[in-house]
Amino acid sequence: SSDLQSILRSSPDAFLCKRVIICEGKTEVGILRALDKYRTKIGQPRFAHYGVGIILGGGGNKFFTLAKFLKDCGYDCCILMDSDIEKEEIQKTEARNNEISVFDWEQGYAIEEQLFKDVSLRCANALLAIAVEEKSFEHVKTKLKENFNFKHLTYNLEDGKIFIDEDISQEERIKIGTAAKQKKSEWYKDTTLGECVGDEVFKEFETMPMNCRFKSQIIALQNWVTSNEN
């Protein structure tokens, strides 16, 4: 199909790998690139050492179709995706039943919401700074204020910075992630920006709680990568 042909043109190197990680969006691709760099910093091999490539699967149902196609062609593949679209849960189950591993976030969350819930205050402020630098102070401020009544954010126009107060609730953290993913004004829907986000997150990966969803799924994904080393 034309969809598969476009993916082949954009990611030809991944089709030369034995195994493939299919990402729902560009943010996930960028975060996995940051993870690959992080692994080298701590003395672990890159994904390529294990014959694993990364492909942008595209939105809608494209990544499920691509995963099934690659599976039928003999590739070992998995999916990294959000959990904010309820109807996709059935397709996740179908993929798993077809021996395609699916790594995702808590029910109802996209990656932006999961990250703002799980990361430290330092990291959450760093993620806001990335959005401000990319989109502008006024854009981010407007998106936060027009949708949610945040009580624990500080807007410093003079410095062009937005800070999260220490007493912010988990609910408000998640709402920042919801603002970040809004259609047509997404803050991180770009491979380079996703990599910048990942660079900040992996600075503290070792100290993140083991029971937080982001860390547990990234560990599970790495275990999938290394599971067939031979």
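The text that follows walks through the structure, step by step, so that each part is easy to find.

Cut-offs applied
- Residues numbered from 1 in each chain as written.
- Predicted model: local features only at pLDDT ≥ 70, side-chain atom pairs only at ≥ 80, totals over all residues.
- Heavy atoms only, no water.
- Helix = DSSP H or I, 4+ residues; strand = E, 2+ residues; numbered from the N terminus.
- Buried < 20%, exposed > 50% of the residue type's maximum accessible area, 1.4 Å probe, protein only.
- Contact = heavy atoms within 4.5 Å.
- Salt bridge = Lys/Arg side-chain N within 4 Å of Asp/Glu carboxyl O.
- Phe/Tyr/Trp six-rings, centres within 6.5 Å; stacked < 30°, edge-to-face > 60°.
- Lys NZ or Arg CZ within 6 Å of the ring centre and 35° of its normal.
- Pairing = 2+ DSSP bridges.
- Axes fitted to C-alpha atoms, helices over the stretch in contact; angles between N-to-C directions.

Observations concerning the side chain of Glu112
Moving on, step 1. Position of Glu112 relative to the elements: it lies in helix α5 (residues 111–118).
Moving on, step 2. Given the relative accessible area of 2%, Glu112 is considered buried.
Moving on, step 3. In this view, Glu112 contacts Gly177, Ala180, Lys181, Tyr188 and Lys189; residues no more than four positions away in its chain are not counted.

A look at the pattern of salt bridges
Oppositely charged side chains can pair when the atoms bearing their charge come close.
Moving on, step 1. Inspection of the entire model under this criterion finds 18 salt bridges.
Moving on, step 2. It is possible to trace a salt-bridge network through shared partners that takes in Glu89, Lys92, Arg96, Asp104 and Arg213.

What to know about the packing of aromatic side chains
Moving on, step 1. Considering all chains together, one arrives at 8 aromatic pairs under this definition.
Moving on, step 2. Centre to centre, the rings of Phe63 and Phe64 are 4.6 Å apart; their planes meet at 35°, and the pair counts as tilted.
Moving on, step 3. On the accessibility criterion, Phe64 (9% relative accessible area) is buried.
Moving on, step 4. Centre to centre, the rings of Trp187 and Tyr188 are 6.2 Å apart; their planes meet at 90°, and the pair counts as edge-to-face.
Moving on, step 5. Trp187 sits in the buried class, given a relative accessible area of 0%.
Moving on, step 6. Feature note: the residues Tyr38, Trp105, Phe202, Phe205 and Phe214 constitute an aromatic cluster, connected by ring pairs.
Moving on, step 7. Positioned above the aromatic ring of Trp224, the side-chain terminus of Arg19 is 4.0 Å from the ring centre.
Moving on, step 8. Of note, Lys215 hangs over the ring of Phe205, and the distance from its end group to the ring centre comes to 5.4 Å.

Comments concerning the sheet that holds strand β1 (residues 19–23)
Moving on, step 1. Pairing is parallel across the open sheet formed by 4 strands, whose spatial order is β2-β1-β3-β4. Each of the sheet's edge strands pairs with one partner strand only, and the pair in question is β2 (52–56) and β4 (101–103). Going across the sheet, the axis of each strand differs from the next one's by a mean of 25°, ignoring polarity.
Moving on, step 2. Pairing of strand β3 (residues 76–80) with β4 involves 3 bridges; the strand directions are parallel. Along β4, the bridge assignment pairs Leu80 with Phe103.
Moving on, step 3. Along the sheet, helix α3 (residues 62–72) makes contact with β1, β2 and β3, crossing β3 at roughly 165°.

Function-wise, these values are silent; they only describe arrangement.
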